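Geometric and topological summary
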Amino acid sequence: MNKTRYALAFIGCYMLTAFVAVFRWLLLLNVQYTYMDNEFPYWIQQKDYVRTAGSKSEILFLGDSRMKSCIIPDQLCDNAYNLAVGGGTAMEMYYSLAEYIRHHPMPEKVFAGFGSFHYAREDCYKSRTLYFHFLTLHQELESLLVAYRTRMVPLKKMQEELLDLLKYELLFPEKYSAACINSKFKRSEFNKKKYAENQAARGHMLFGKKDGSAGLNTEAHSRHFAPHPRGEYYLRRLVSLCKKNDIPLYLIQLPMNEPSWDAVAKNEYYKEFQAYVEAFAQEHDITAETEIPRYSPALFGDPSHVNAKGAAEYTRQIKERYGL
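Report on the accompanying structure. The structure presented is a predicted model; accordingly, all values stated were derived computationally and were not measured.

Calculation notes
- Residues numbered from 1 in each chain as written.
- Predicted model: local features only at pLDDT ≥ 70, side-chain atom pairs only at ≥ 80, totals over all residues.
- Heavy atoms only, no water.
- Phe/Tyr/Trp six-rings, centres within 6.5 Å; stacked < 30°, edge-to-face > 60°.
- Helix = DSSP H or I, 4+ residues; strand = E, 2+ residues; numbered from the N terminus.
- Buried < 20%, exposed > 50% of the residue type's maximum accessible area, 1.4 Å probe, protein only.
- Salt bridge = Lys/Arg side-chain N within 4 Å of Asp/Glu carboxyl O.

Section: the packing of aromatic side chains
- Enumeration over the complete set of coordinates arrives at 28 aromatic pairs.
- Between Y35 and Y176, the aromatic rings sit 6.4 Å apart at their centres with planes inclined by 85°, giving edge-to-face as the arrangement. Pair noted here: Y35 is in the loop between α1 (2-30) and α2 (40-50) and Y176 is in helix α9 (residues 173-183), with a separation of 141 residues, a long-range link. Across the pair, exposure class does not vary: Y35 and Y176 are buried alike.
- Centre to centre, the rings of F114 and Y119 are 5.8 Å apart; their planes meet at 85°, and the pair counts as edge-to-face. Across this residue pair, the class does not change: F114 and Y119 are buried.
- Members of the aromatic cluster, connected to one another through ring pairs, are Y33, Y35, F40, W43, Y131, F132, F134, Y168, Y176, F185 and Y195.

Let's talk about the pattern of salt bridges
- In the structure shown here, the tally under the stated rule is 20 salt bridges.
- Notably, a salt bridge pairs R230 with E122, separated by 2.8 Å at the nearest N-O pair. Here R230 is found in helix α11 (residues 229-244), whereas its partner E122 is found in the loop between α5 (117-120) and α6 (125-130), with 108 residues between them in sequence.
- The class for R230 is buried, based on a relative accessible area of 2%.
- In this structure, E174 and K175 form a salt bridge, with 3.9 Å as the shortest nitrogen-oxygen distance.
- Through salt bridges with shared partners, a single network forms among K126, E161, D164, K167, E174 and K175.

Dropping the structure here:
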């Protein structure tokens, strides 16, 4: 008798827990705009765009926040679209392009560009990619398996990483309660406004908006360059995806302000990065730039990102260089 009661109690608790978990998941999933931070609308607008059916062939720009701020599609051509996301790496861009191809005509051209430090490390995978549910569960699990295969995550940590991934997937309070409490569920108007602005600008946005910045960026403090294992794996997959579908791919470099460029040029980092890009391009027979543009601080809105004037100048140069 006692065993039966224990069994029924266990089943009852399990069902109640499952019900609460599903209810919480459905509730939070449908009100994400009300509590997510200000990067959320830009990531989700991009996610929605690549998964929504399109009818024209476009010139795509893939990359991180530097690419997102540098390329102004409205000043480039009628069929350009900026699919970069702040903190993005080759992994997010590979999955974005794969999803895009499923729902749109083949791109006319693809330009990929990342700050050199995003070839060397990930800094937003959990705080944005997982946090915003940017990938499908299958893609998340695949990326975790790639982390193991590239020896980024040892086998003994796989269980821990898998559990953490599932906490994001199931919207555990451990991951989202702070945002809910701090936001007081009052961010909906702001997030929806930014979503609409990003959609109207065809993916372009500015991060730094000052009239000038001579601050040092991340690379200025780095002495040596080495590619990130998972990033390199997905960069290779990105190249393969383009080749498989006969899409011209160009790796381009994004500008640094003069103080940052000068600091980087003094150490081995820049030479090692250039050598890596050149070797990668030769191995995969693609067009790649190795020179990082050096811009006046007046064209930067913060140490890493161009302002409106810098974006206009870079867009003009890309337009001329590639005949767009």
